Amino acid sequence: RYSPTGKWLATLDEDRNISIWQTKTGTLVARIQAERTVNHLQFSPDEAFLLVSGEDAAQLWQLSVDAAHADSQTLNLRQERAFAHPDSVEQASFS
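Residues numbered from 1 in each chain as written. Predicted model: local features only at pLDDT ≥ 70, side-chain atom pairs only at ≥ 80, totals over all residues. Heavy atoms only, no water.

### Examining the sheet that holds strand 2 (residues 17-22)
Put simply, the rule reads: Here, strands pair whenever DSSP counts at least two bridges between them. For the purposes of this entry, the term helix denotes a DSSP run of H or I that reaches at least four residues, the term strand denotes a run of E that reaches at least two, and both are numbered from the N terminus. Comment: axis = line fitted to C-alpha atoms, over the contacting stretch for helices; angle = value between 0 and 180 degrees taken between N-to-C directions.
Pairing within the open sheet is antiparallel, and its 3 strands lie in the order 1-2-3. One side of each edge strand has no neighbouring strand; the edge strands of this open sheet are strand 1 (8-12) and strand 3 (27-33). Averaged over all adjacent pairs, the angle separating strand axes in this sheet is 20°, with direction ignored.

In structure tokens form, the structure reads like this:
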């Protein structure tokens, strides 16, 4: 899943690793190990968040680049919120 400007690409592998790549350089800049099955990834329109939906929850991750190191090859991730759901969350999006 590409971010709205195409700056980032989020991918998911069979081991439930969510990887975020900088598309300009092809560099891996962040990785999240999902605890459960992931069904969908969605960047927010401003690229400040990544919404991960899956088996029984949706998680909101905040994305940031350290302003002092704007050219850094590292993207900082912080889980902002987790939303439990009794069923599988097939897809979630921003409105």
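What follows picks up the thread again.
### Topic: the side chain of Ser44
Which entries qualify depends on this criterion: Only protein chains enter the area calculation, which uses a 1.4 Å probe; residues under 20% of their type maximum are buried, those over 50% are exposed, and those in between are partly exposed. Definition of a polar contact: a pair of N or O atoms within 3.5 Å, with one able to donate and the other able to accept a hydrogen when the atoms are protein atoms, and with sequence-neighbouring residues admitted only if both atoms are side-chain atoms. Contacts are residue-level and defined by heavy atoms, with any inter-residue pair within 4.5 Å sufficient.
Among the structural elements, Ser44 can be located in the loop between strand 4 (38-43) and strand 5 (49-54). Classification of Ser44 as buried rests on a relative accessible area of 3%. Here the side chain of Ser44 touches Ala48 through a polar contact of 3.1 Å, landing on its backbone nitrogen. If near-sequence neighbours (up to four positions away) are discounted, Ser44 is found in contact with Pro4, Phe49 and Phe94.

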